[in-house]
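Overview (structure and organization)
What follows is the residue order along each chain.
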Amino acid sequence: MSLPTTKLPFVFPRAESTVLPDPSPFFSPGLLAAPLPTNSFFQNFVLNNGDQAEYFHPYLVKPSPSSVSVSYPSRFATSAFLYQVFNADLTVSAASDGGRGDAGAPRHVISSYSDLGIVLDFADSDLRFVLVRGSPYLTCLVNRGAEVAITTIHAILSLSSNGSRTKHTVKLNNNQTWLVYTSSPISFSQSLNAMTSGRFSGVIRIACLPNEGSFSEEVLDRFSSSYALSGDAVLARPFCLEYKWEKKGWGDLLMLAHPLHVRLLSPEDSGVTVLEDFRYRSIDGDLVGVVGDSWMLKSDPVSVTWHSIRGVKEESYDEIIQALGRDVESLNPAAITTASSYFYGKLIARAARLALIAEEVFYPEVIPAIGKYLKSAIEPWLNGTFSGNGFLYDAKWGGIITKLGSTNAGEDFGFGVYNDHHYHLGYFLYGIAVLAKIDPAWGRKYRPQAYSLMADFMNLGRRTNSNYPRLRCFDLYKLHSWAGGLTEFADGRNQESTSEAVNAYYSAALMGLAYGDTHLVAVGSTLTAMEIQGAQTWWHVREGDNLYEEDFTRENRVVGVLWANKRDSGLWFAGPERRDCRLGIQVLPLLPITEVLFSDIQFVKQLVDWTYPALNREGIEGWKGFVYALEGIFDKGSALEKVRSLSGFDDGNSISNLLWWIHSRGDEEEIGCGDEGKYCWFGHYCH
C-alpha cells in the first residue's frame, strides 16, 4: 500500500532558504541525493554538533565526535512534568585510531537509515553502531582489529568473563549490571571506570540487565547472537502495519514492544512470541520482549466520513440553518488579514466545514457562496500569487516551506525549518478536499498542487526520485507524529496538538474520497486510526492510570507537550494552569473524526470536570467552545445552552460548527462505550 513515488507533475517554485541547516556533514554522500528526514527519531544526530541524545527504547544514546554513550535512564517526576535522566552509563570508543592519525575533526556519519533504525559510522576508528529502536542491545561492529574502550561515569565494582571470553559481566556502583557479548573471544583490562580490549574485529553487543532476576539474563544470553541491521514498516493493507527486520547473526531476534504495540500486535499473524516477564522500564510504559523478525500490528479501523457519524435530527435543522446563514454571510476573502500559513489554513478549513454542515442539514443554497470564498482564498497559495506569503520548494532537505519561513525560522511557527507541517498543510488539505467535492472541475484543475501538499508529509516512497521524504512527521515505531522539525532539543522531537495531527491524515483521506483515490483513503484512514490510538495512549491521562507517576497522573488529565524523552503539562503558548487551552489544543478542529478521538466517554467526563475550574477568566470564549463541545458528548442539553450563550469562537471554529456538533451527539440511551467497530463502515475489508 504505497502512494506513487514518481516525480510529481507539480513542484512549487524553488526556495533559497537562509535559515535551513546544511545536512551534508552528517549524511553519507550517497544519501544526499534523496529527500532527507526532518522530524525523525534521530534528528538530533544531524543538527548542530550532532551530540544531543535521542531515545531508542530502552536506551538514551548520545554520540560525540569519536564515541557513543548509552544510558538506561532513570526518571525524574513532579506533578508538572517528567523526564528521563541521561547519564553516560557506558561510553564506547576506539582505544586508538589504528595509527592512521587524525585526518581532520572526527565525526559520526549516518551511512544508512530505515523506518526503525540507523547505522552510525565512525570512519576514523573503524567503529559502526547499529541503532535499532526497541533493541535491548546496543550493537557495535568493529573493523580492522581496533582496540575498544568502554568507559563509565560510575565506578566499576567488578568485571567477570565466562570461560569462552565471549560474555563479560560489568557491575557498576549505581546498582546497574551490564552484559557485554562479543562474537569471538576478547580480553579486557580494567581500571576504576574503564575497560579496554586487545585488538578485535567482530560484533560487540551491550545490554543493561533490567532487573535482578536470573530470567532476564537468561533471555539476553539466549538472543545475544542475532541483531537487526535495519527495520522497515510496511503499510500492506488498511489498518495493518508490518515490521520487517533485516536480521544478522544466528538464532531468533529479540526486540521490545511498547504498550500500544502490545495492544495492536497480532501474534497469530506474526508468528512472534511475547515474553511478558521480560521488561524494561520506559517513559512510554513498560517495554516487553517480543521474539520474531516480523510483527503484524492491527489497528482498530475507523471510517473517514464527510458528515457526522449519527447524523442530525430534523427538528434541529432550523437552528443550525439560521447560524449557517449568518456565518456564510460574513465570509469575505478580502477581510482575511493574516499571512500566516497556520492561521490562514484554519480560516479555509473553518469555511469548508460550513459547506459540509449545509449538506448535512439539506441547506444547499449557501454552498455556492462558500465555494466562491474557498476558491478566492485557496487559489493564490496554489498559484503562487498570494502577496503576503506562499509555498516554495526546498531542494536541500526536500519539502515545502513558506516564503516568510525561508528567511526567518520563527515565522509560520517554524514551518520554514519543517515544524508543524502536518498541522498547516492539514488545514489546507481539508479546504481543498471539500472544494474538490463540491466543484469537481476545480478539483481536477488543482489536483497536482493538492497532491504536492499532501505528499510533503504523507509520501510513502523511498526512492531518490521523489520530491519528499517518507512520512515526514509520522513515527512508525511510536505510531504517532512529531511536529518538531530541524531544531535541536535536548529531549528530542515533540508534539503538542494530537487533534491537528489527526486532522492532517483525516483530511488527506477526505481528499482521497474527493478524487476517487482509494489508495489515499486507505493510507490516510490507517494513519488517522494510529494517530488517534497514540493520542489516547500517551496524551490522554485517565484517573488511576499507572503509565505515568502518581503525582503527574493526579494533577493532569491531558499532556501539554509530549517529547520523545519528556512529558510536560505546559504548552508552547500557555502555562500549565491554562487547562482550557490544554483541552482545546487537543480537540481543535472540531470534526466528525473528533468523535472517534474522544470515544472513551468516562475519560471525556474526567477531562471536562478537570478543565472547568480554569473557565473563570475573561477573554477565553474561543477555548470554552471546545470544553462545551466535549461536555456535549455526555450532557447534550447543558452543553447546548452554554454554546448558545458564547460571544466568540476560535478562529477555526464557528457557532454553526458547535451547534452541528451538539445536535449530532447521540441521546443518552444511544451512548455506548468501547465499541470501536461502530466507527468503521468497511471493517470487513480491513483485515
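Below you will find a few notes about this structure.

Rules behind the numbers
Residues numbered from 1 in each chain as written. Predicted model: local features only at pLDDT ≥ 70, side-chain atom pairs only at ≥ 80, totals over all residues. Heavy atoms only, no water. Helix = DSSP H or I, 4+ residues; strand = E, 2+ residues; numbered from the N terminus. Rg over C-alpha atoms; globule rule 2.2 N^0.38 Å. Buried < 20%, exposed > 50% of the residue type's maximum accessible area, 1.4 Å probe, protein only. Contact = heavy atoms within 4.5 Å. Lys, Arg positive; Asp, Glu negative; His and termini not counted. Charge placed at Lys NZ, Arg CZ, Asp CG, Glu CD. Arc of directions from axis to C-beta. Pairing = 2+ DSSP bridges. Axes fitted to C-alpha atoms, helices over the stretch in contact; angles between N-to-C directions. Core = buried A, V, L, I, M, F, W, Y, C linked by side-chain atoms within 4.5 Å. Polar contact = N/O pair within 3.5 Å; in protein donor to acceptor, adjacent residues only side chain to side chain. Phe/Tyr/Trp six-rings, centres within 6.5 Å; stacked < 30°, edge-to-face > 60°. Lys NZ or Arg CZ within 6 Å of the ring centre and 35° of its normal.

Each helix and strand counted, the chain has 20 helices and 28 strands in total. Expected size for 687 residues packed as a compact globule is a radius of gyration near 26 Å; at 26 Å, the chain falls within 12% of this value. Overall size of the chain, expressed as C-alpha extent along the three principal axes, is 85 × 50 × 50 Å. Expressed as a percentage of its 687 residues, the buried residues of the chain come to 62%. Residue pairs at least 24 apart in sequence account for 69% of intrachain contacts in the chain once pairs closer than 6 positions are excluded. Charge separation in the chain, taken as the distance between the mean sites of 59 positive and 76 negative side-chain charges, equals 4 Å.

With that out of the way, let us pick up helix α18 (residues 636-644). For an α-helix, the turn length of 3.6 residues means that residues three or four places apart are oriented alike. The set of residues buried in α18 consists of Lys636, Ala639, Leu640 and Val643. Seen end-on, α18 carries its buried residues on one side only, within an arc spanning 105°. Those residues of α18 that are buried are in contact with α4 (317-329), α17 (621-634) and α19 (655-663).

As a further point, take the sheet that holds strand β21 (residues 294-298). Strands sit in the order β16-β17-β21 across an open sheet of three strands; the sheet is antiparallel. The open sheet is flanked by β16 (226-237) and β21, the only strands paired with a single partner. Averaged over neighbouring strand pairs, the angle between their axes works out to 15° when direction is ignored.

Within soluble globular proteins, side chains that are nonpolar tend to cluster in buried spots. Phe129, Trp178, Tyr243, Trp295, Leu453, Met458 and Met511 are the most contacted members of the largest nonpolar core, which has 228 residues in total. If one sorts the elements of this core by residue count, helix α5 (residues 341-360) sits on top with eleven residues. The residues contacting Leu453, other than those within four sequence positions of it, are Phe12, Leu382, Phe391, Ile400, Leu425, Phe428, Leu429 and Ile432.

Of note, Arg567 is situated in strand β28 (residues 566-568). On the accessibility criterion, Arg567 (0% relative accessible area) is buried. Of note is the side chain of Arg567, whose polar atom sits 2.7 Å from the backbone oxygen of Trp563.

This paragraph deals with the pairing of β21. The buried fraction of β21 is high, at four of five residues. When strand β17 (residues 240-249) meets β21, the two strands line up antiparallel, connected through five bridges. The partner of Leu241 across the bridge, within β21, is Leu297.

Applying the stated criterion to the full structure yields 48 aromatic pairs. Between Phe457 and Tyr505, the ring centres sit 5.8 Å apart and the planes meet at 65°, which makes this aromatic pair edge-to-face. Pair noted here: Phe457 is in helix α10 (residues 447-458) and Tyr505 is in helix α11 (residues 498-515), with a separation of 48 residues, a long-range link. The exposure class assigned to Phe457 is buried, which follows from its relative accessible area of 0%. An aromatic cluster of three or more residues is present, and its members are Phe10, Phe12, Tyr344, Trp381, Phe386, Phe391, Phe415 and Phe428. Sitting above the plane of the Tyr72 ring, Arg281 keeps its charged end 4.2 Å from the centroid. Just above the ring of Trp661 sits the side chain of Arg665; from NZ or CZ to the centre is 3.6 Å.

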